[in-house]
Amino acid sequence: MPRSDADRAQHNYIGDIEQVARIISSARLPSGVLQRILQFVGETLSAQGGAVVLGGEFAARFAGVSWGTFQDESRQLGQELLDGVTVDSTPTARQTTLPRTSQRPAIDGVVLAAPMLGLQQAMGVMVLFKPAESAMTLDADLALLNAIGLYLGLYLQTTVLREQVKALPQTANGRQNRAAIGYDPDRMVGDSPAMHAALQQLQQAASSRSTVLLRGESGTGKELGARALHKLGDRSEQAFVKLNCAALPENLLESELFGHERGAFTGAVRMRRGRFEIADKGTLFLDEIGDISLAMQVKLLRVLQERTFERVGGSRPIEVDVRIIAATNVDLEEAVRQGRFREDLYYRLHVVPIVLPSLRERREDIPLLVGYFLRRFNDENGKDLKISSAAMDLVVSYDWPGNVRELENCIERMVVMARREIIAPEDVPLPVNLTRPNAMPSALPNAMPKAPVPAPLPAAASLPGAVADIERQRVVEALQRCGGVQTRAASILGITPRQLGYRLKKYGIDPKQIL
Ligand SMILES: Nc1ncnc2c1ncn2[C@@H]1O[C@H](COP(=O)(O)OP(=O)(O)OP(=O)(O)O)[C@@H](O)[C@H]1O
């Protein structure tokens, strides 16, 4: 029921909060909750329009809602205020004029906006438009709107968490893999179809003894995948032994793998067991397997075929029961073609290949990973930072050539260096400027160079021309990402709306034409 401002001056706002709680507990769908609460608060505060506008990942998960006579106008105001309000994380009230249309004159009024805050980040904004003459009890109105915004943020956050728990795959022994909740260094975070497919393959492979070859770009979580395979399988109580094959010269690698007898070489003063023996009954993880020499490949092939070997300098065959997991980011098929990798070893390793997707192939997981790392580094640093939706947009649109490792490092740096509670786009220490175009070609999953390889320059491209092309392209992309809302596009690009306006003019871009 609409109430007069005089009524509301006397009003006990606790009753309103209680009403909001009742709506939340009685409705089934988030869109219904948002709509009913918006209408309730709009009527209570005698507003004439209102909207809930969501940002970042939440814009993809939940539909915004609007209410009242000035719904479109409120939505527009919400879009404009979204970044400011979520970055500052404080409610705001300001005079505004709704521009004249063919149906009505210009209307003066006040727009009230409050942030909706989740656990780790701002999710969106709730705005109300009130005609100017009824803005008497502005502070109290704003306080109520703010409380309801906080309430709604927590409600939406709970909804997201509930969906994530439901979507988590079952492990081999029936327990739920609570991969996205809390912090555990061995958890594989990811809710995307690509990640679900990989997790499912890991779970299936875990229960067998077959050799698994984990493939994927650097930093995609191959070692994490190897640990998951071990933990989920029936060897989980036994040893998990890891060896990075690329880190050692050939002779050392051999004695690391197979051990050595006393006196086998200078300095071998004692017998030493190798990783194969240490991993007996358990799992041996051979990382960077694509980098071993042809001579080592022969030796490894023999153990994989016969399950026996001799220590360096020894002659007694040693038999082991080891489950092999190997990993590489080398294009092994190409290496076989070029004679750098033995075909017979390739087939021995390539029994169950599992590809870990790059972050570019599962951008929808980035917010989840950011939340996960933010929680971890907040805990480690005794902080409670949140990330604004504009900053999240920036992180999501970056290309992450170093995949999860690079993202993890970025969030750690961000938390350590942060100077304010809510992270804004300019606080995100991206390794390079966002305006960089997608630097990595979408490489084959198994053919990843360690560092991005620069694309060849078109012969005629002058440097200023190339820079202008890139700038134009990034402006268009940013506008497309935010539905043409220029303030948000400017924020994603890390420039002011005025600077964006200048570039639109310079490149003749019409935001309406590119949507
Ligand atoms: N899905 C994920 N969820 C959470 N953390 C992850 C995930 N994937 C990778 N990480 C983290 O990213 C970092 C790199 O992962 P990992 O070492 O497993 O990658 P890798 O593919 O083995 O890399 P490389 O090929 O360079 O050896 C680790 O700190 C790991 O914990």
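Residues numbered from 1 in each chain as written. Predicted model: local features only at pLDDT ≥ 70, side-chain atom pairs only at ≥ 80, totals over all residues. Heavy atoms only, no water.

A look at the overall build of the protein
If you tally the helices and strands in the protein, you get 19 helices and 16 strands. Each of the 515 residues in the protein was classed as buried or not, and the buried ones make up 50%. Long-range pairs, those at least 24 residues apart, make up 71% of the contacts in the protein with a sequence separation of at least 6. (Helix = DSSP H or I, 4+ residues; strand = E, 2+ residues; numbered from the N terminus. Buried < 20%, exposed > 50% of the residue type's maximum accessible area, 1.4 Å probe, protein only. Contact = heavy atoms within 4.5 Å.)

Some words on helix H19 (residues 497-507)
Every buried residue of H19 is accounted for by Leu500, Arg503, Leu504 and Tyr507. Along the axis of H19, the buried positions cluster into a sector of 105°, meaning they face one direction only. Residues Arg498, Tyr502 and Lys505 are exposed on H19 and point more than 90 degrees away from its buried face. Backbone geometry just after H19 places glycine 508 at a positive phi near 60°. (Arc of directions from axis to C-beta.)

Here we look at the sheet that holds strand E5 (residues 122-131)
If you trace the 5 strands from one edge of the open sheet to the other, you get E2-E1-E5-E4-E3, paired in antiparallel fashion. Unpaired on one side and paired on the other, strand E2 (65-68) and strand E3 (92-98) mark the two borders of the sheet. Across the sheet, the mean angle separating the axes of adjacent strands is 20° when strand polarity is ignored. One ladder, built from 4 bridges, connects strand E1 (residues 49-54) with E2; its direction is antiparallel. Its bridge partner being in E2, glycine 49 is matched across the sheet by glycine 68. Strands E1, E2, E3, strand E4 (107-117) and E5 of the sheet are contacted by helix H5 (residues 71-88), whose axis makes an angle of about 135° with E5. (Pairing = 2+ DSSP bridges. Axes fitted to C-alpha atoms, helices over the stretch in contact; angles between N-to-C directions.)

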